[in-house]
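# Descriptive structure summary
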Amino acid sequence: MEDSVDRHVAVWAKELAWMDPVKEAIFFGWRSWRAMPARRDGHARLRRVKQWQYKVLLMLRRLGPPYETSPSHLAELLGLTRGALSARLAPIEEAGLITRTHETGDRRRVKVRLSDAGYAVSSSMWRRRKRARSHCSQH
């Protein structure tokens, strides 16, 4: 039976070629992201990106290339209303971490896409987690 750890590993194994699925499953199961709020918040302050902004960036990254989706789909994935998501996207877009584009011919259709800078921030977070896992496995 598949659980949240299996789903987590399956999604990220596609995106992070360097990730060892067994180590990630152990790390994720042993030290879930929710159990590390101080560390997560510390990383966010380092990059001046708030926790909720990381969640948006990581959800876009989790979708895989081209790292884009509609605002309504993104809101659903994050468990937010479309209005709440819209309010969150504005500062992330202003920071240059995402782009919002209108589809040609229909201005009502919008796509939210992870920018190169947003990709770099999410990659930085994963590199920090990789170092943290490495440090934990040494002790």
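In what follows, the accompanying structure is described. (Residues numbered from 1 in each chain as written. Predicted model: local features only at pLDDT ≥ 70, side-chain atom pairs only at ≥ 80, totals over all residues. Heavy atoms only, no water.)

## Points about the pattern of salt bridges
- For the structure shown, the criterion picks out three salt bridges.
- Residue R61 is joined to E15 by a salt bridge in which the shortest nitrogen-to-oxygen separation is 2.9 Å. Residue R61 is located in helix α4 (residues 51–62), and its partner E15 is located in helix α1 (residues 4–15); the two are separated by 46 residues in the primary sequence.
- Overall, E15 belongs to the buried group, its relative accessible area being 15%.
- Between E68 and R113 there is a salt bridge, with the nearest N and O atoms lying 3.1 Å from each other. (Salt bridge = Lys/Arg side-chain N within 4 Å of Asp/Glu carboxyl O. Helix = DSSP H or I, 4+ residues; strand = E, 2+ residues; numbered from the N terminus. Buried < 20%, exposed > 50% of the residue type's maximum accessible area, 1.4 Å probe, protein only.)

## Concerning α1
- For α1, which comprises twelve residues, the first-to-last C-alpha distance of 17 Å matches the rise-based estimate of 16 Å (1.5 Å per residue) to within 8%.
- Listing the buried residues of α1 in full gives V5, H8, V9, W12 and E15. Each buried residue of α1 sits inside an arc of 125 degrees when the element is viewed along its axis, so together they form one side. (Expected span 1.5 Å × (residues − 1). Arc of directions from axis to C-beta.)

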